[in-house]
Number of protein chains: 2
Amino acid sequence: MEAPRITFIGAGNVATHLVRAFHDAGAEVVQVCARTPEHARQLAESVGAEAITDPGKADPSVDFCIVCVGDSAVADVARRLPLMHGIVVHTSGSVEMDVLRCASARVGVLYPLQTFSRERSLDVSRVPFFTEGSDADVLAAIDALASLVCGSVAHADSAHRQYLHVAGVLGCNFPNYLIGCAIDMLAAAGYGAEVLRPLVEETVAKVFDAGATAAQTGPARRGDVATIEKHRAMLPEGEACIYDMLSRAIMAKYNNGNEQN
Amino acid sequence: MEAPRITFIGAGNVATHLVRAFHDAGAEVVQVCARTPEHARQLAESVGAEAITDPGKADPSVDFCIVCVGDSAVADVARRLPLMHGIVVHTSGSVEMDVLRCASARVGVLYPLQTFSRERSLDVSRVPFFTEGSDADVLAAIDALASLVCGSVAHADSAHRQYLHVAGVLGCNFPNYLIGCAIDMLAAAGYGAEVLRPLVEETVAKVFDAGATAAQTGPARRGDVATIEKHRAMLPEGEACIYDMLSRAIMAKYNNGNEQN
């Protein structure tokens, strides 16, 4: 693929990482658009691009326009874009491809299954990307674009992408919340978060190596109601309800089977 | 510390790893006791120890008797031990030290905050151990014992150990369950578990490096009720309730603040 010319709409966590990754891969980032002029300028300058604050000023001649904004803003951005000659994609897990059709005849999706933070370095080449395109040629062009920066590309239409997004919430957002509750419990007893890190890292290694069923341990797994009651009593009301509901789900799944922790 | 002589009661996941770790560290594992003769024999033979099936046959002269059985069996094992001259410890998160007092005047706890599987290799030297002792000398002896195999020893009486145990359930058992649900969702859409692994690994790195609050992303974090409703509708009833409860907890914690995913 000849070095593609790209306009990015957005300068948030995802955009920041993708702008850098595509620039490093030899693509020409032509414009970076963000509502806040300073955000647009900073990210644009880092790759020698033009900073814009109005999607209506996007260059219609670019090969790709990557709309990298919050899920709820994608449709609005698409309506404000000029009619683009190239391919317009968004990067959202929960937004249908079709909201982009007002901006181009050739549209698609480039969804990275990862959690991005501006200030954390991240190896984009290890991120799985999921693509969708409005026709086979468009899809092939988006796949080729993705291949510039990542090692793994698979296809996902809007329905499949919903499954990926739910999996991301269950596998990332909720565990993050629960690990946060765990760290709060440790702090209440005077321990630092680091004492929990080997356990959590081993948990993750185990669930992917052996599967969640083989890896499940704990009071609920062995139907240890006495311990569950003790733990409930130690937690604030909201967390006690969560503890209870997850314990009951695990007990139901394993039918209170006996197993040593 | 002179090489301690140790009897292990138990041949399950935890016992298997500790027997090997103490043997490798130069301790003399004298006996391994398990109800199933074959389990006792296999583990005992691997370190040149005697296999026994009755805790009543434990050698009263050993320096340490480590009771490494399921939480609900610790008290029963203690009642069946002969009166031991050395120190008797258990390895359970949720059992009080005092249930051991019928077996020795010197008792304590050696609690490893980790999830053990017999068939997975594990670097015990990275596991944090938490100790308790019936007096200062006993505690010092248990600390020295733990130091043979692990790099990090801290103290935790029964109350503090409960906090550690709850943190383990919140940070390990529940995330394992949720990641399992996520993998099921991926399978329903035709994707393998591996597409989720970079996301989960980054989630764990981020929560310990930046803290759970900074690391929290997702629909609930940004108060995206429309996406939450869509996700709920895709999940089986039980998981939909869990999705709902965790989403509401996150929304409550962050007061529906706005942030881009």
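Summarised in this report is the structure supplied together with it. Just so it is clear, the structure is predicted and the values come from calculations on it, not from any experiment. (Residues numbered from 1 in each chain as written. Chains lettered and ligands numbered in written order. Predicted model: local features only at pLDDT ≥ 70, side-chain atom pairs only at ≥ 80, totals over all residues. Heavy atoms only, no water.)

Concerning the relation of the copies chain A and chain B
Here comes step 1: Superposing chain A onto chain B takes a rotation of 180 degrees combined with a translation of 0.0 Å along the rotation axis, leaving an RMSD of 0.0 Å. Such a combination of turn and shift is consistent with a two-fold rotation axis. Across chain A, the smallest distance between a C-alpha and the rotation axis is recorded for Pro 175 of chain A, namely 2.5 Å.
Here comes step 2: Take the interface residues of chain A: 100% of them recur as interface residues in chain B, which is what a same-surface contact looks like. (Least-squares fit on C-alpha atoms with pLDDT ≥ 70 in both. Contact = heavy atoms within 4.5 Å.)

Looking at the sheet that holds strand S7 (residues 128–133) of chain B
All names here are of chain B.
Here comes step 1: Pairing in this open sheet of eight strands is mixed, and the strands run S3-S2-S1-S4-S5-S6-S7-S8 from one edge to the other. With partners counted over all chains shown, the strands left at the sheet margins are strand S3 (50–52) and strand S8 (152–155), one partner each. The average angle at which neighbouring strand axes cross in this sheet is 25 degrees, direction not considered.
Here comes step 2: Note that strand S1 (residues 5–9) and strand S2 (residues 28–33) share five bridges and pair parallel. Bridged to Arg 5 within S2 is Glu 28.
Here comes step 3: Sheet contacts for helix H5 (residues 158–188): strand S5 (87–90), strand S6 (107–112) and S7; angle to S6, the most-contacted strand, approximately 15 degrees. (Pairing = 2+ DSSP bridges. Helix = DSSP H or I, 4+ residues; strand = E, 2+ residues; numbered from the N terminus. Axes fitted to C-alpha atoms, helices over the stretch in contact; angles between N-to-C directions.)

As for the interface of chain A and chain B
Here comes step 1: At the interface, 90 residues of chain A touch 90 residues of chain B.
Here comes step 2: Around 8,900 Å² of area is buried between chain A and chain B when both sides are counted, 66% of it from carbon and sulfur atoms.
Here comes step 3: The interface formed by chain A and chain B includes 10 salt bridges.
Here comes step 4: The residue Glu 201 of chain B makes a salt bridge to Arg 126 of chain A at a minimum N-O spacing of 3.6 Å.
Here comes step 5: Here chain A is connected to chain B by 31 residue pairs in polar contact (both at pLDDT 80 or more).
Here comes step 6: Among the elements of the structure, helix H1 (13–24), strand S7 (128–133), strand S8 (152–155), helix H5 (158–188), helix H6 (197–210), helix H7 (212–215), helix H8 (225–234) and helix H9 (237–254) of chain A are those that each provide at least two residues to the side of chain A that touches chain B.
Here comes step 7: The biggest single contributor to the side of chain A that touches chain B is H5 of chain A, with 26 residues.
Here comes step 8: Here the residues of the side of chain A that touches chain B sort into 52 nonpolar, 25 polar and 13 charged. (Buried area = accessible area lost by both parts, 1.4 Å probe. Salt bridge = Lys/Arg side-chain N within 4 Å of Asp/Glu carboxyl O. Polar contact = N/O pair within 3.5 Å; in protein donor to acceptor, adjacent residues only side chain to side chain. Nonpolar A, V, L, I, M, F, W, Y, C, P; charged D, E, K, R; others polar.)

Let's talk about the packing of helix H8 (residues 225–234) of chain B against helix H9 (residues 237–254) of chain B
Residue and element names in this part refer to chain B.
Here comes step 1: Packing of H8 against H9 leaves a shortest axis separation of 9 Å and a crossing angle of 160 degrees. The angle between the axes of H8 and H9 places the two elements in the roughly antiparallel class. Crossing of H8 against H9: the hand is right-handed. In this structure, H8 uses Val 225, Ile 228, His 231 and Arg 232 to contact H9, whose residues at the interface are Ala 240, Tyr 243, Asp 244, Ser 247 and Met 251.
Here comes step 2: Residues belonging to the contact of H8 with H9 are distributed by class as follows: five nonpolar, two polar and two charged. (Parallel < 35°, antiparallel > 145°, perpendicular 65-115°, else oblique. Left-handed = near helix turned anticlockwise from the far one by under 90°.)

Some remarks on the environment of Leu 164 of chain A
Residues and elements named next belong to chain A.
Here comes step 1: By secondary structure assignment, the location of Leu 164 is in helix H5.
Here comes step 2: Accessibility expressed as a relative area gives 0% for Leu 164, which makes it buried.
Here comes step 3: Counting along the chain gives 159 residues from Leu 164 to Arg 5, while the straight-line C-alpha distance between them is 29 Å. (Buried < 20%, exposed > 50% of the residue type's maximum accessible area, 1.4 Å probe, protein only.)

A few points about the nonpolar core
Here comes step 1: Of all hydrophobic cores here, the largest spans 124 residues; its most connected members are Leu 170 and Leu 196 of chain A together with Leu 170 of chain B.
Here comes step 2: Discounting residues that sit within four places of it in the chain, Leu 170 of chain B has contacts with Leu 178, Ile 179, Cys 181, Ala 182, Met 185, Leu 235 and Tyr 243 of chain A together with Pro 175 of chain B. (Core = buried A, V, L, I, M, F, W, Y, C linked by side-chain atoms within 4.5 Å.)

Considering the pairing of S8 of chain A
Residues and elements named next belong to chain A.
Here comes step 1: In this structure, S7 lies alongside S8, joined through four bridges in parallel fashion. Counted as the bridge partner of Phe 129 is Val 153 from S8.
Here comes step 2: Between the parallel elements S7 and S8, the chain passes through helix H4 (residues 136–147) in a crossover that is right-handed. (Right-handed = clockwise from strand over helix to strand, strands pointing away.)

Quick notes on the packing of H9 of chain A against H9 of chain B
The axes of two packed helices give the description: the angle between them and the distance between them.
Here comes step 1: Two numbers describe how H9 of chain A lies on H9 of chain B: the axes approach to 10 Å, and their chain directions differ by 160 degrees. In terms of axis orientation, H9 of chain A runs roughly antiparallel to H9 of chain B. Along this stretch, H9 of chain A crosses H9 of chain B, giving a crossing that reads as left-handed. Counting all contacts with H9 of chain A, which are made through Cys 241, Ile 242, Met 245, Leu 246 and Ala 249 of chain A, the residues of H9 of chain B involved are Cys 241, Ile 242, Met 245, Leu 246 and Ala 249 of chain B.

Some words on the pattern of salt bridges
Here comes step 1: According to the stated counting rule, one finds 38 salt bridges over all chains in the structure shown.
Here comes step 2: As a salt-bridge pair, Asp 76 of chain A and Arg 80 of chain A come within 3.7 Å of each other at their nearest N and O atoms. With Asp 76 of chain A and Arg 80 of chain A both in helix H3 (residues 74–80) and four residues apart, this pair spans about one turn of that helix.
Here comes step 3: Here Asp 244 of chain B ties to Arg 232 of chain B by a salt bridge, and the two come within 3.3 Å at their closest N and O atoms. With a gap of 12 residues between them, Asp 244 of chain B in helix H9 and Arg 232 of chain B in helix H8 connect regions that are remote in the sequence.
Here comes step 4: For Asp 244 of chain B, a relative accessible area of 18% corresponds to the buried category.
Here comes step 5: Arg 232 of chain B sits in the partly exposed class, given a relative accessible area of 27%.
Here comes step 6: Each of Arg 120, Glu 194, Arg 197 and Glu 201 of chain A together with Arg 126, Glu 202 and Asp 209 of chain B takes part in a single network of salt bridges with overlapping partners.

Some remarks on the sheet that holds strand S6 (residues 107–112) of chain A
All names here are of chain A.
Here comes step 1: Pairing within the open sheet is mixed, and its eight strands lie in the order S3-S2-S1-S4-S5-S6-S7-S8. The two strands at the open ends of the sheet, each matched to only one other strand, are strand S3 (50–52) and S8. With strand direction ignored, the average angle separating the axes of adjacent strands in the sheet is 25 degrees.
Here comes step 2: Examined bridge by bridge, strand S4 (residues 64–67) and strand S5 (residues 87–90) share four bridges and lie parallel to one another. In the strand pairing of S5, Ile 66 is matched with Val 89.
Here comes step 3: Across the sheet, H5 touches S5, S6 and S7, and the angle it forms with S6 is around 15 degrees.

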